[in-house]
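Results of the structural survey
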Amino acid sequence: MNLILLGAPGSGKGTLAKRLQEKYAIPQISTGEILRDNIKRETPLGKKVKEIIDRGELVSDEIVIEIIKQRLNESDCKNGYMLDGFPRTVEQAKALEEFAKITLVINLEIDNEKVVERLLGRRLCPICNYSTNTHWENYSDICPKCGATLVKREDDTEESIRERLNVYDKKTAPLIAYYKERNLLKGFNCDDTPENIFNNVVKELN
Ligand code: AMP
């Protein structure tokens, strides 16, 4: 099961991926998380991409293609994987075809204003990457998995969110038609609870 999770920032790709990862024991591979980890560790790559990410722009295709190529070679990807946030351009999708066989593209559909509201409420655990939202029931700013205090992502400012949505519409949304033509796309309405979205996707995968 080699899946792509496609959808605007804030559509819930990461949340869905983490739940699918628990159910199907295949890794979630998020280029955003890999890049943020490099920023945190102040690696040369991290230093190179920090400002681009904070502005809400895309990192170059070459960089993310190389990251994915190496990551898919690791042994935990043998039985499948979920790509979260990759590909984000048609160029990346074409490059991916050369070294991966995709089974299904899950497209998370949501409208832009909903995204802004959601992302302003998004909180993450700085230790284990647990993700939650101040708008959800029983929200607490302590991570239920490891006890750390949750934080806002540095690029979750209104300005950066709006830029990421622009970039998504221009560069990533064309992938919907790209994968539709290849009969790989399945759309899900994501203006719903994480549980309902997860259950609908599992039904489709089963
Ligand atoms: P995400 O965690 O998926 O929201 O990604 C955070 C940021 O990392 C994006 O706004 C981009 O700056 C960068 N990024 C992540 N994945 C990609 C990708 N496939 N192509 C280009 N930039 C990416």
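Everything that follows concerns the structure shown earlier in this document.
The following paragraphs examine the structure supplied in this document. Since we're looking at a predicted model, the values are computed, not measured. (Residues numbered from 1 in each chain as written. Predicted model: local features only at pLDDT ≥ 70, side-chain atom pairs only at ≥ 80, totals over all residues. Heavy atoms only, no water.)

**Quick notes on the packing of helix α7 (residues 158–172) against helix α8 (residues 174–181)**
Packed helix pairs are specified by the crossing angle of their axes together with the interaxial distance, meaning the distance between the axes. For the pair α7 and α8, the least separation of the axes is 5 Å and the interaxial angle reads 35°. In this structure, α7 uses Tyr168, Asp169, Lys170, Lys171 and Thr172 to contact α8, whose residues at the interface are Pro174, Leu175 and Ile176. Across the contact of α7 with α8, the residue classes tally to 4 nonpolar, 1 polar and 3 charged. (Axes fitted to C-alpha atoms, helices over the stretch in contact; angles between N-to-C directions. Helix = DSSP H or I, 4+ residues; strand = E, 2+ residues; numbered from the N terminus. Contact = heavy atoms within 4.5 Å. Nonpolar A, V, L, I, M, F, W, Y, C, P; charged D, E, K, R; others polar.)

**Observations concerning α7**
Compared with an ideal rise of 1.5 Å per residue, which puts 15 residues at 21 Å, α7 spans 20 Å between its outermost C-alpha atoms and is within 8% of the ideal. Buried-residue contacts for α7 involve β1 (2–7), α3 (44–55), β4 (104–109), α6 (112–121), β5 (122–124) and α8. (Expected span 1.5 Å × (residues − 1).)

**Section: the site of the ligand**
Taken together, 15 residues are adjacent to the ligand, and Thr31, Arg36, Glu57, Gly85 and Gln92 come closest. In the model, a nitrogen atom of the ligand is placed 2.8 Å from a nitrogen or oxygen of the Thr31 side chain. Within the side chain of Arg88, an N or O atom sits 3.0 Å from a nitrogen atom of the ligand. Here the ligand loses 96% of its free accessible area of 480 Å² to cover by the protein chains. It is helix α2 (residues 31–40) that provides the largest number of residues to the shell around the ligand, a total of 4 residues. Its residues placed into classes, the shell around the ligand shows 6 nonpolar, 4 polar and 5 charged. (Near = heavy atom within 4 Å. Polar contact = N/O pair within 3.5 Å; in protein donor to acceptor, adjacent residues only side chain to side chain. Areas by Shrake-Rupley, 256 points an atom, 1.4 Å probe, with all protein chains shown as cover.)

**Section: the sheet that holds β4**
One open sheet accounts for 5 strands, arranged β2-β3-β1-β4-β7; its pairing is parallel. Each edge of the open sheet carries a strand with a single partner, namely β2 (28–30) and β7 (185–189). On average, each strand axis in the sheet is tilted by 25° relative to the strand beside it, whichever way the strands run. Strand direction decides the pairing type here: β2 and strand β3 (residues 81–84), joined by 3 bridges, are parallel. Counted as the bridge partner of Gln28 is Met82 from β3. (Pairing = 2+ DSSP bridges.)

**Brief notes about the nonpolar core**
If you look at the biggest cluster of nonpolar residues, it comprises 52 residues, and the most contacted ones within it are Leu72, Leu83, Leu96, Ile106 and Tyr179. Ranked by the residues each element gives to this core, the list is headed by helix α4 (residues 61–72), at 6 residues. When sequence neighbours within four positions are dropped, the list of residues in contact with Tyr179 reads Ile4, Pro87, Ala93, Leu96, Val105, Leu184 and Leu185. (Core = buried A, V, L, I, M, F, W, Y, C linked by side-chain atoms within 4.5 Å. Buried < 20%, exposed > 50% of the residue type's maximum accessible area, 1.4 Å probe, protein only.)

**Brief notes about the packing of aromatic side chains**
Scanning the model with the defined rule gives 1 aromatic pair in all. For the ring pair Tyr178 and Tyr179, a centre distance of 5.1 Å and an interplane angle of 85° mean the geometry is edge-to-face. One exposure class covers both Tyr178 and Tyr179, and it is buried. Taking the ring centre of Tyr24 as reference, the NZ or CZ of Lys23 above it sits at 5.8 Å. Between the NZ or CZ atom of Arg182 and the centre of the ring of Tyr178, over which it lies, the distance is 3.6 Å. (Phe/Tyr/Trp six-rings, centres within 6.5 Å; stacked < 30°, edge-to-face > 60°. Lys NZ or Arg CZ within 6 Å of the ring centre and 35° of its normal.)

**Considerations on the environment of Glu158**
Looking at the secondary structure, you find Glu158 in helix α7. In this structure, the C-alpha to C-alpha distance between Glu158 and Leu119, residues 39 residues apart in sequence, is 8.5 Å. Ignoring sequence-local partners within four residues, the contact set of Glu158 consists of Val116 and Leu120.

**Side note on the environment of Lys94**
Within the secondary structure, Lys94 is located in helix α5 (residues 90–99). Linking Lys94 and Tyr178, residues 84 residues apart in sequence, is a C-alpha distance of 9.8 Å.

**Quick word on the pattern of salt bridges**
Pairs can form between side chains of opposite charge once their charged atoms are near each other. Using the criterion set out here, one finds 20 salt bridges in the structure. The partner of Glu57 in a salt bridge is Arg55, and the shortest N-O contact between them spans 3.0 Å. Residues Arg122 and Asp156 are paired through a salt bridge, measuring 2.9 Å at the closest nitrogen-oxygen approach. A residue pair is termed long-range when its members are at least 10 positions apart, and Arg122 in strand β5 and Asp156 in the loop between β6 (131–133) and α7 qualify at 34 residues. Across this residue pair, the class does not change: Arg122 and Asp156 are buried. Among the ionic contacts, a cluster of salt bridges with common partners joins Arg122, Arg153, Asp155, Asp156 and Arg164. (Salt bridge = Lys/Arg side-chain N within 4 Å of Asp/Glu carboxyl O.)

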